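Below, each chain spelled out in residue letters.
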Amino acid sequence: MTELMLDFMLGPMRVIGEFYFDHQMIFNPLIVGAALIKILFGKKKAKNEPANSES
């Protein structure tokens, strides 16, 4: 029953989901690393931006 509902709701995305779940140990660190890089470099730009606009 659950398989039928998932096939109906996800359709062709089901294959992509299965690929992701099979390779989670590779994708999860990449996603977390990208988020951390964005957070770290995003804060540096935000801190420098007001100082530049006041001058």
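Residues numbered from 1 in each chain as written. Predicted model: local features only at pLDDT ≥ 70, side-chain atom pairs only at ≥ 80, totals over all residues. Heavy atoms only, no water.

Enquirer: Explanation requested: the packing of aromatic side chains in the structure shown.
Expert: Any aromatic ring pair is given by two values, namely how distant the centres are and how the planes are angled relative to each other. Under the defined criterion, the tally for this structure stands at three aromatic pairs. Grouped by ring-pair contacts, the aromatic residues Phe19, Tyr20, Phe21 and Phe27 constitute a single cluster. (Phe/Tyr/Trp six-rings, centres within 6.5 Å; stacked < 30°, edge-to-face > 60°.)

Enquirer: Just to check I follow, could you spell out the UniProt feature "transmembrane region" (unreviewed entry) in the chain for this structure?
Expert: Following the UniProt record, the feature "transmembrane region" (unreviewed entry) maps to residues 20-41 here. With 95% helix and 0% strand, residues 20-41 has end C-alpha atoms that lie 27 Å from one another. (UniProt positions renumbered as here; feature names shortened; annotations may be inferred. Helix = DSSP H or I, 4+ residues; strand = E, 2+ residues; numbered from the N terminus.)

Enquirer: What should I look at first to understand the pattern of salt bridges in this one?
Expert: Opposite charge on two side chains permits pairing when their charged atoms draw close. Enumeration over the complete set of coordinates arrives at three salt bridges. Between Arg14 and Glu3 there is a salt bridge, with its nearest N and O atoms 2.7 Å apart. In this pair, Arg14 is assigned in helix H2 (residues 13-22) and Glu3 in helix H1 (residues 2-10), connecting sequence segments eleven residues apart. Assessed through its relative accessible area of 14%, Arg14 is described here as buried. Because the salt bridges share partners, they merge into one network encompassing Glu3, Asp7, Arg14 and Glu18. (Salt bridge = Lys/Arg side-chain N within 4 Å of Asp/Glu carboxyl O. Buried < 20%, exposed > 50% of the residue type's maximum accessible area, 1.4 Å probe, protein only.)

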